[in-house]
Amino acid sequence: MTQNERIDRIRSDHWIAFDRATIVLNRLTSLMETPRQSRMPGLMVYGSSGIGKTMIAKRMASKYPTQYKSDLGITKTPVLLLQAPPAPDERRFYQHLLSTIGAPMWGRRTVSELEVRALNHLRDMDLKMLMIDEVHNLLAGSYREQRRFLNMLRFLANELSVSLVVFGVNEALDAVRGDDQLARRLDEHFLPLWEDDVEFSRLIQTLIAAMALEKPSGLTVASLRTILKVTGGVTSRVFIMIKSLAIDAIHSGEERITDEAVATWRPTWNKHAWTVPLETAVEAE
């Protein structure tokens, strides 16, 4: 593999899994294995921006891809991942849903018409889990609009007998809890910022190993604490920093991330954001 190919691989959006992400994925898999019932259990995954929520949601969706059943002439979609609209707007949500599954409705339609069309298609798809990312977008609406949007999500989960999973920042937690019926059905899973502990050390070791450098790095505890301080314990920034250091190590021929490189690295998040995908994780052993 050439140097450029190695660097392209580091920059690419590929799954690398760490323990924290695996725990959430295991919880979601358990929901998928739950027999259908009138009130399916669900989950709310929340934490600071950049902590890895969207990465987990995308990974879960990729584990259960859409499949076309040629013998039946139908398409099965076990898991559907949608992003919440910028504001709690039922019409925009249904339009986005229908567009995502390849069944858009053109022209002016009532919310009821969009709802019926969406339900019919989702039933045909044999949906088992509906995941809504960026659910904190509902905070852009009034209290009444928030309640209506949450009622809509609960209605869909009830009608389809599917597990509802929502992902959002910490501020969205109180809004979701404001709907008592929905809150009782959604367990909560908090993703905290990283701290100076063994878990963070394992994350850095696994991430560096995924960079496939030719020499072991062997960073000191002081370097780990520097990484934690520079990134603020935010997952996306940790990945950006390690990937940047690995690319620098390849360019220089050092082929390892040194304590000196960590100490002199400066965060340039805007510069690196377009080359280093934020939604990645490290495959745990």
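One can find the structure itself at the top, above this paragraph.
Description of the structure in this document. Note that the structure is predicted; figures quoted are calculated from it, not measured.

Cut-offs applied
- Along each chain, residue indices are assigned from 1 in the same order as the chain's sequence is written.
- Totals for whole chains, interfaces and linings use all residues, but because this is a predicted model, local features are given only for residues with pLDDT of at least 70 and pairs of side-chain atoms are given and counted only at 80 or more.
- Working from all heavy atoms in the structure, the side-chain values ignore hydrogens and water.
- The helix count covers DSSP runs of H or I at least four residues long, the strand count covers runs of E at least two residues long, and both are numbered beginning at the N terminus.
- Per-residue accessibility, obtained with a 1.4 Å probe over protein chains only, is compared with the maximum for each type, and a residue is labelled buried under 20%, exposed over 50%, and partly exposed between these values.
- Any two residues having at least one pair of non-hydrogen atoms within 4.5 Å are treated as being in contact.
- Calculation of accessible area relied on Shrake-Rupley with a 1.4 Å probe; when residues are assessed, cover is drawn exclusively from the protein chains displayed.
- In summary, the charge assignment counts Lys and Arg as positive and Asp and Glu as negative, without counting His or the chain termini.
- Lys charges are placed at NZ, Arg charges at CZ, Asp charges at CG and Glu charges at CD.
- When two rings of Phe, Tyr or Trp (its six-membered ring) have centres within 6.5 Å they constitute a pair, described as stacked for plane angles under 30 degrees, edge-to-face for angles over 60, and tilted for the intermediate range.
- Both a distance and an angle decide whether a charge sits over a ring: NZ of Lys or CZ of Arg must be within 6 Å of the ring centre and within 35 degrees of the ring normal.
- For the purposes of this section, nonpolar cores are sets of buried Ala, Val, Leu, Ile, Met, Phe, Trp, Tyr and Cys residues that join through side-chain atoms within 4.5 Å.
- For two strands to pair, DSSP has to find at least two bridges joining them.

1. Some thoughts on the overall build of the chain
So, point 1. The helix and strand tally for the chain stands at 13 helices and seven strands.
So, point 2. Per-residue burial for the chain yields a buried fraction of 48% across its 285 residues.
So, point 3. In the chain, of all internal contacts separated by at least 6 residues, the share reaching a separation of at least 24 is 77%.
So, point 4. Summed over its atoms, the accessible surface of the chain is roughly 14100 Å², and 48% of this surface lies on carbon and sulfur atoms.
So, point 5. In the chain, the 36 positive side-chain charges and the 35 negative ones have mean positions that sit 4 Å from each other.

2. Describing the environment of I240
So, point 1. Turning to its location among the elements, I240 is positioned in helix α11 (residues 235-252).
So, point 2. As for I240 and R11, which are separated by 229 residues in sequence, their C-alpha atoms are 9.2 Å apart.

3. Focus: the packing of aromatic side chains
So, point 1. Counting across every chain of the model gives six aromatic pairs.
So, point 2. Ring plane angle 55° and centroid distance 6.1 Å describe the contact between F18 and F239, whose orientation is recorded as tilted. With F18 in the loop between α1 (3-11) and α2 (19-32) and F239 in helix α11, this pair connects stretches of sequence that are 221 residues apart.
So, point 3. By relative accessible area, which is 5% here, F18 ends up buried.
So, point 4. What makes F239 buried here is its relative accessible area of 0%.
So, point 5. When the ring of F93 is compared with that of F149, the centres are 5.7 Å apart and the planes differ by 85°; the resulting orientation is edge-to-face. One end of the pair, F93, is in helix α4 (residues 90-100); the other, F149, is in helix α6 (residues 143-160), with 56 residues separating them in the sequence.
So, point 6. A relative accessible area of 1% places F93 in the buried class.
So, point 7. Taken together, F18, W194, F200 and F239 form an aromatic cluster joined through their ring pairs.
So, point 8. Here the guanidinium or amino end of R20 rests over the ring plane of W194, the centre of that ring lying 3.6 Å away.
So, point 9. The lysine or arginine in question, R147, covers the ring of Y143, its NZ or CZ lying 4.8 Å from the ring centre.

4. Considering the nonpolar core
Inside soluble globular proteins, nonpolar side chains tend to come together where they are buried.
So, point 1. With 49 residues, the main nonpolar core has L28, I56, M129, I204, I242 and I257 as its most contacted residues.
So, point 2. The contact partners of M129, leaving out residues within four places of it in the chain, are L28, L31, M32, M60, P78, V79, L80, V162, S163 and V165.
So, point 3. Membership of the second largest hydrophobic core comes to 37 residues, among which are A84, F93, A103 and L130.

5. Section: the pairing of strand β1 (residues 42-47)
So, point 1. Among the six residues of β1, six are classified as buried, and the element is accordingly described as predominantly covered.
So, point 2. On β1, burial covers both faces: G42, M44 and Y46 on one face and L43, V45 and G47 on the other are all buried.
So, point 3. Bridge count between β1 and strand β7 (residues 186-191): six bridges; the pairing is parallel. Looking at the pairing, G42 lines up with L186 of β7.

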